[in-house]
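Residues per chain, in single letters:
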Amino acid sequence: MNDDVRNIVLGVIAAGVSAALGWLARTYLWRRRLRRKQAFFGLPDNSESMLVVNQKAGGPELSVSRYDVFALLELSAIVKECGAHARVVGHDATQQGFGERTEFCVGGPYSNRRTAAHLSSLLPGVRMNVETDAGPELGALQIGADEYRMERGRSEYALLARLTADGQGASRPVFLFCGQRAITNQAATRYLARHHERLRRKHGTGSFVLLLKVVNSGAYGPDVVEVVADVTRVARTPLPEPEPEPAQS
């Protein structure tokens, strides 16, 4: 074998080794990112999850807003990327505890009974005005001492929460998307899909509650979202009971 042939063979071998090492490195990094994503969402391989769908506000039975359908599609993509399975369940057909499987709960308490239950038991510092005759205060979010009213199509709010049942041995989280309108529910799911790595780095696999502001949804849809505050501590602190009205003399 002359020098030219030997150099060609060595070059081919070196290229093959480099390609194999590059493939192994990329596979390792991809698997590490996948494992971190699965841990954040509580979705190991072949695990079961639950997508709790709400009812369109004011709509007939079993009707769902198109924005909530879009939100469910985005969540389904996350579940599939983690190698898990999703089951769609109506909000009024979910009669089980939490922690056994990851739960994605879409919609505010006015259209989703499951959300109302989670707010009551897991986030006692949060209330949403669901009175149909509340006028401009309809849908207003109260978080601790602060209130956030919506300006329809201009300035609206949503809660994005990752919750675990601390002290109860629960291993799977509940993700809550509690918006003032259906489009804000989708905005919250899209924010989670886009920023889950940043959220994992900051919060790990613990609980967090973020207040999001959806800006000018009439023009930008669910895409322009700002983080107003991390309200985890306030949202998990029970609100004081309202003072009783004085008795009429």
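Residues numbered from 1 in each chain as written. Predicted model: local features only at pLDDT ≥ 70, side-chain atom pairs only at ≥ 80, totals over all residues. Heavy atoms only, no water.

### A look at a nonpolar patch on the surface
Right, so step 1: A contiguous nonpolar surface patch, about 250 Å² in accessible area, is contributed by Val69, Phe70 and Leu73.
Right, so step 2: Following the sequence through the fold, leucine 73 ends up in helix H2 (residues 66–81). (Patch = residues over 30% accessible without salt bridge, like charges linked within 9 Å, V, L, I, M, F, W, Y side chains within 5 Å. Areas by Shrake-Rupley, 256 points an atom, 1.4 Å probe, with all protein chains shown as cover. Salt bridge = Lys/Arg side-chain N within 4 Å of Asp/Glu carboxyl O. Helix = DSSP H or I, 4+ residues; strand = E, 2+ residues; numbered from the N terminus.)

### Digging into the nonpolar core
Right, so step 1: Core analysis: the biggest nonpolar cluster contains 25 residues, and Phe41, Phe104, Leu160, Phe177, Leu192 and Leu199 have the highest contact counts within it.
Right, so step 2: Broken down by element, this core gets its largest block of residues, five residues, from H2.
Right, so step 3: Setting aside anything within four residues of it in sequence, one finds leucine 160 in contact with Leu176, Phe177, Ala188, Tyr191, Leu192, Leu199, Phe208, Val209, Leu210 and Leu212.
Right, so step 4: With 22 residues, the next largest nonpolar core counts Tyr157, Leu176, Cys178 and Val209 among its residues. (Core = buried A, V, L, I, M, F, W, Y, C linked by side-chain atoms within 4.5 Å. Buried < 20%, exposed > 50% of the residue type's maximum accessible area, 1.4 Å probe, protein only. Contact = heavy atoms within 4.5 Å.)

### As for the sheet that holds strand E6 (residues 146–148)
Right, so step 1: Across the sheet, three strands lie side by side as E4-E5-E6; this open sheet has antiparallel pairing. One side of each edge strand has no neighbouring strand; the edge strands of this open sheet are strand E4 (126–128) and E6. Between one strand axis and the next, the sheet turns by 20° as a mean value, whatever way the strands run.
Right, so step 2: Both E4 and strand E5 (residues 141–143) contribute to a ladder of three bridges, which runs antiparallel. Bridge assignment links arginine 127 to a residue of E5, and that residue is glutamine 142. (Pairing = 2+ DSSP bridges. Axes fitted to C-alpha atoms, helices over the stretch in contact; angles between N-to-C directions.)

### Some points on the sheet that holds strand E2 (residues 85–90)
Right, so step 1: One open sheet accounts for seven strands, arranged E2-E1-E3-E8-E7-E9-E10; its pairing is mixed. Two strands lie at the open edges of the sheet, namely E2 and strand E10 (225–230), each paired on one side alone. Direction aside, the axes of adjacent strands within the sheet are offset by 20° on average.
Right, so step 2: With four bridges connecting them, strand E1 (residues 48–53) and strand E3 (residues 102–106) associate as parallel partners. Residue pairing for E3: leucine 51 is matched across the bridge by phenylalanine 104.
Right, so step 3: Helix H3 (residues 113–122) rests against E1, E3, strand E7 (155–163) and strand E8 (174–179) of the sheet, and its axis sits at about 110° to E8.

### Quick word on the pattern of salt bridges
Right, so step 1: The full count for this structure, using the stated rule, is nine salt bridges.
Right, so step 2: Arginine 35 is the salt-bridge partner of aspartate 45, the closest N and O atoms lying 3.8 Å from each other. Of this pair, aspartate 45 sits in the loop between helix H1 (3–41) and E1 while arginine 35 sits in helix H1, and the two are ten residues apart along the sequence.
Right, so step 3: The class of aspartate 45 is partly exposed, set by a relative accessible area of 45%.

### A closer look at the confidence of the model for the protein chain
Right, so step 1: Mean pLDDT over the protein chain works out to 83, with 78% of the residues at or above the 70 mark.
Right, so step 2: Between the elements of the protein chain, mean pLDDT differs from a low of 73, seen in H1, to a high of 95, seen in strand E9 (residues 208–215). (pLDDT = per-residue confidence, 0-100.)

### Considering the packing of H2 against helix H4 (residues 182–203)
Each pair of packed helices can be described by the angle between their axes along with the distance between the axes.
Right, so step 1: Their axes nearest at 8 Å, the elements H2 and H4 cross at an angle of 15°. Taken as axis vectors, H2 and H4 run roughly parallel relative to one another. Considering only the axes of H2 and H4, their crossing is left-handed. Contacts between H2 and H4 pair Tyr67, Asp68, Phe70, Ala71, Glu74, Leu75 and Ile78 from the former with Ala182, Ile183, Asn185, Gln186, Thr189, Arg190 and Ala193 from the latter.
Right, so step 2: Tallied by class, the residues present in the contact of H2 with H4 amount to eight nonpolar, three polar and three charged. (Parallel < 35°, antiparallel > 145°, perpendicular 65-115°, else oblique. Left-handed = near helix turned anticlockwise from the far one by under 90°. Nonpolar A, V, L, I, M, F, W, Y, C, P; charged D, E, K, R; others polar.)

### Some words on the layout of surface pockets
Right, so step 1: For the second largest pocket, the calculated volume is near 240 Å³.
Right, so step 2: Along its surface, the second largest pocket is lined by 15 residues, and Leu119, Val126, Arg127, Met128 and Asn129 are the ones closest to its centre.
Right, so step 3: At the level of secondary structure, the elements contributing two or more residues to the lining of the second largest pocket comprise H3 and E4. (1 Å grid on protein atoms, 1.4 Å probe; cavity = no way out; pocket = protein on both sides within 12 Å on 5 of 7 lines; lining within 4 Å. Points joined across faces, edges and corners; volume = space filled by probe spheres on them.)

### A few points about the packing of aromatic side chains
Right, so step 1: A full pass over the atoms with the stated rule returns eight aromatic pairs.
Right, so step 2: Between phenylalanine 40 and phenylalanine 41, the aromatic rings sit 5.0 Å apart at their centres with planes inclined by 85°, giving edge-to-face as the arrangement.
Right, so step 3: A ring pair is formed by phenylalanine 40 and phenylalanine 175, whose centres lie 5.8 Å apart and whose planes are at 55°; its orientation type is tilted. Of the two residues, phenylalanine 40 is situated in helix H1 and phenylalanine 175 in strand E8; the sequence distance between them amounts to 135 residues. (Phe/Tyr/Trp six-rings, centres within 6.5 Å; stacked < 30°, edge-to-face > 60°.)

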